[in-house]
Structures are given as C-alpha cells and as structure tokens.
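# Descriptive structure summary
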Amino acid sequence: MSEPAVENVDILIVGAGPVGMTLQLALAAGGQKSLLVDRRSQASQQQDPRALALSYGARQLLEQINSWPSRAATPIETIHISQKDGFGRTLIDRADYALPALGYVVRYRDLAADLAAQLPPDAMLAEAEILDITPGDDHVTVTLRHAGQLRAIQSKLLVHAEGTPGDDPAVKVSDYEQHAVIAEITPTPGHNKRAWERFTPDGPLALLPLGDEYSVVFTLPPAKADAVMAMDDTAFTVALQNQFGRRLSFTKPGPRSRFPLALRLRETLVKGKEVWIGNTAQTLHPVSGQGFNLGIRDAWQLAEILLKNGVDRGSLADYAASRRLDRRGSAFFTDQIVRTFSNDCGPLKLARGLGLLALDLCPPARHFVAKRMIWGARAWP
C-alpha cells in the first residue's frame, strides 16, 4: 500500500468535545484556522448522560464565540453547603456579586450541539481513527484512517483534547476510591434555582438544578455504588433521601449511570510541538464543579497566547506557565475538600462545622472562595 500524501495544517486538535470545539472557535474568532479530529461521530455526543456545572465565568467566555446555550441552561442563584449529621453551613448568593447567576447547569449534549452549530463545514473529521503520531523538530505528523482512507496530516501544533488521560507515565494518578452515581430526580418543593453541596462520610452529594429537576451526583465507595445501582427506583429515592436529609423530598428518579473518581494531573503540559488541555491535562473530583470550567479556561488561554504570539516554543512555554496557578490551585482545592470531608471523624466534624460557620459569618473569606469558583485564577489576587 502506497504512503498517503501529506496534508498540512497549522493546528490540529484531537478531540471534538466541548473543550476542543471551544479552542477551535476561539482560534477561528481571531482568524486562525485549525482542524478538529475525533474518533466519535457527531451524533454520539447526543447520547452523553451527564449534566455540566458551568460557572458564570465560563458563560462569559462561551458568549464571545456565540456558543452559550441560553435556552438549555438552568441558573444557579444560591449554593447551600453543609455536612450530614453536623452543624455549620455556608450560603453563597449571586446577589452578593451583582451577577445574574453564580453558575449554570447544562446537559452535555446541549452544550456540544451549540458549539458544533458554530463550526465551519470543513472544521472537523469525525469518526477518524488515529494510527500513529510522529513528533518532528518543528511539526507533528498524525496518520489516521477516515472514511476508509489513510491520511497523513502534518501540523505545526498538535493539541490533545480527547478526554481523560489513560495509563500514561506522564500522568500522576490518585484514586479517591469513590464512584459517582449520576441521575436526575424531581424535588418537592421545586429547587428555586438553588444548588446543594452536602458532605457525608461516604463522599459529597451534589444536587444541581436542571430544568424542573435536580441533577444528582451521589458519591459513594465502590461497594455502596454497586448497591445503589442495583436498587429499584423506590429504594434509590429512599437512599438519596437518607443521605440528603428532609429539607426536600424526591420523586421520579431517572436512569442512573456511574463512573470512578480519581485525581489525574499531567506533569508537563507541553512536549515539543504537542500540548495537552482539558481532561487530557487534568481530571478533578466533581466536588464544586471545577473540572470542566478549568478545561474551558485551558482552551481560552491557549487560544489567546497562540493568536498573540503564534506557534513557537516560546508561546507554548508561556501557555504552560500561565496555567500553573489555575490548574494546581483548582486541583488542590477540590482534593483537600474531598479528603477533609469524606470521613466520620469526630474532631474533624467539629472543625468542619466551625469552618463552614466561619465562612458564612465572614464575607471576605466567603467571597474569596466564591470568586475563585466563578472565575478561577482570573480572580486573583
């Protein structure tokens, strides 16, 4: 079989999920062409069951590329943070920041559809199988199979945005020994645009307003997750109610799915003419909903630097340096929350209660936490 002719592109983005598409559109808005490659079909993203918690800061970025799914986004106006069987609570209110919302909850498929609708017709190769990646001094060559044909694409920059990193020695992994069970459920009374973060010995329980329902992220040890997945709807509702408490009641749970939780951090974001963003660079625990927002900021920061300085080793080094505070800070923040709150230790429970109470009674401390949840490192100092 003859070797395929080499095609040249400036920037090749592997992974056409929301983070990859955000990068493509941000580059296009500045006049820079790029090509997206994805192993999945475009239709497959419509099968994704997840709901995404997007910060108000993420909305500000997505609006600049005309990709904010306003009709599909449910606003979060308040966030209630507490611990099971312990005192202390913190309430974060959007009114304190003169914002229309602290964040929003959007189904993955709706955000993906809005982003895809903005892509030029020739911006993506879907259902493409990557066969080989060959780095060079000033380019990277990717060999792939698309529509039954072999193609070789040489790019000045290869951006990895294809999802959670696998068994890669460059990725440091810390297993939380927790699984997230996700579902949608109807609350009584209605949610009134309030999100709940409820810390329990088994792990955090998050309720995120989505339409008229709550999107539930029920964090449990693997054996308990097995049991919850095997329950009928009535038993699941009872288990959720017991974990949450009696402030609300729940009915009509939807289908459940689950995924294991771990902290994964890539040690080096840049290698030669390759760069890693989004979940290929880091995956975080879903507590406080930081991971996806961090990926959007990755894409935006990379686009800004490339549009300003072009594709060279200096600009890639600038990108890696610019993301250090945001990604390390977000990883540390979520990791410490999980490890501090996911236990039933009496002295720690007392300390946690005092901490939540102090956060609620001390506006500067509460605002410090809230602003970093909304804007990440852009809110520093």
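Residues numbered from 1 in each chain as written. Predicted model: local features only at pLDDT ≥ 70, side-chain atom pairs only at ≥ 80, totals over all residues. Heavy atoms only, no water.

When the charged atoms of two side chains with opposite charge come close together, those side chains can pair. Counted according to the given criterion, the structure contains 18 salt bridges. The residue Glu7 makes a salt bridge to Arg151 at a minimum N-O spacing of 2.7 Å. Linking Glu7 in strand E1 (residues 6-14) with Arg151 in strand E11 (residues 149-160), this pair joins segments that are 144 residues apart in sequence. The exposure class of Glu7 is partly exposed, given its relative accessible area of 27%. A salt bridge links Arg366 to Asp96; the shortest N-O distance between them is 3.9 Å. Within this pair, whereas Arg366 is found in helix H9 (residues 363-375), its partner Asp96 is found in the loop between strand E6 (89-93) and strand E7 (103-107), the two being separated by 270 residues in sequence. Linked through salt bridges whose partners overlap, the residues forming this network are Arg297, Asp298, Arg323 and Asp326. (Salt bridge = Lys/Arg side-chain N within 4 Å of Asp/Glu carboxyl O. Helix = DSSP H or I, 4+ residues; strand = E, 2+ residues; numbered from the N terminus. Buried < 20%, exposed > 50% of the residue type's maximum accessible area, 1.4 Å probe, protein only.)

Moving on: the packing of aromatic side chains. Tallied over the full model, the rule gives 5 aromatic pairs. When the centroid spacing of 4.9 Å and the interplanar angle of 70° are considered together, the rings of Trp68 and Tyr104 count as edge-to-face. Here Trp68, found in the loop between helix H2 (56-63) and strand E4 (74-76), pairs with Tyr104, found in strand E7; they are 36 residues apart in sequence, far enough to count as distant. Ring geometry for Phe218 against Phe236: centres 6.2 Å apart, planes inclined by 55°, an arrangement best described as tilted. Of this pair, Phe218 sits in strand E15 (residues 213-220) while Phe236 sits in helix H5 (residues 233-244), placing them 18 residues apart in sequence. Summarising the burial analysis for this pair, Phe218 and Phe236 share the class buried. A network of ring pairs unites the aromatic residues Trp196, Phe244 and Phe250 as a single cluster. Positioned above the aromatic ring of Trp196 is the side chain of Arg194, whose terminal nitrogen or guanidinium carbon lies 5.7 Å from the ring centre. (Phe/Tyr/Trp six-rings, centres within 6.5 Å; stacked < 30°, edge-to-face > 60°. Lys NZ or Arg CZ within 6 Å of the ring centre and 35° of its normal.)

What follows concerns the sheet that holds E4. Hydrogen bonding along the main chain pairs the strands of a sheet, whether they run parallel or antiparallel. Here we have 3 strands laid out as an open sheet, ordered E3-E7-E4, and antiparallel in their pairing. The sheet is open, and its two borders are formed by strand E3 (51-55) and E4, each paired with just one other strand. Averaged over all adjacent pairs, the angle separating strand axes in this sheet is 30°, with direction ignored. Against the sheet, H2 makes contact with E3 and E7, and its axis sits at roughly 90° relative to E3, the strand it touches most. Across the sheet, helix H3 (residues 108-117) is in contact with E3 and E7; its angle to E7 comes to roughly 90°. (Pairing = 2+ DSSP bridges. Axes fitted to C-alpha atoms, helices over the stretch in contact; angles between N-to-C directions. Contact = heavy atoms within 4.5 Å.)

Membership of the largest hydrophobic core comes to 81 residues, with the highest contact counts inside it found for Leu23, Leu54, Val159 and Ile277. Ranked by residue count, the leading element in this core is helix H6 (residues 291-309), at 9 residues. Grouped together as the second largest cluster of nonpolar side chains are 17 residues, Ala225, Val228, Phe244 and Phe250 included. (Core = buried A, V, L, I, M, F, W, Y, C linked by side-chain atoms within 4.5 Å.)

Turning to the side chain of Ser67, a few remarks are in order. Note that Ser67 resides in the loop between H2 and E4. Ser67 gets classed as buried once you look at its relative accessible area, which sits at 0%. Engagement of the side chain of Ser67 in a polar contact is seen with the backbone oxygen of Ile65, the distance being 3.0 Å. The contacts of Ser67, once residues within four sequence positions are left out, are Leu25, Leu62, Leu111, Asp114, Leu115 and Gln118. (Polar contact = N/O pair within 3.5 Å; in protein donor to acceptor, adjacent residues only side chain to side chain.)

In this section: the packing of H2 against H6. The axes of two packed helices give the description: the angle between them and the distance between them. In the contact formed by H2 and H6, the axes pass within 10 Å of each other and the chain directions differ by 35°. The crossing of H2 and H6 is left-handed. Every residue of H6 that contacts H2 at Ala58, Leu61 and Leu62 is listed here: Asn293, Ile296, Arg297 and Trp300. Each residue belonging to the contact of H2 with H6 can be placed in one class, and the counts come to 5 nonpolar, 1 polar and 1 charged. (Left-handed = near helix turned anticlockwise from the far one by under 90°. Nonpolar A, V, L, I, M, F, W, Y, C, P; charged D, E, K, R; others polar.)

Any link to function would need more than the numbers given here.
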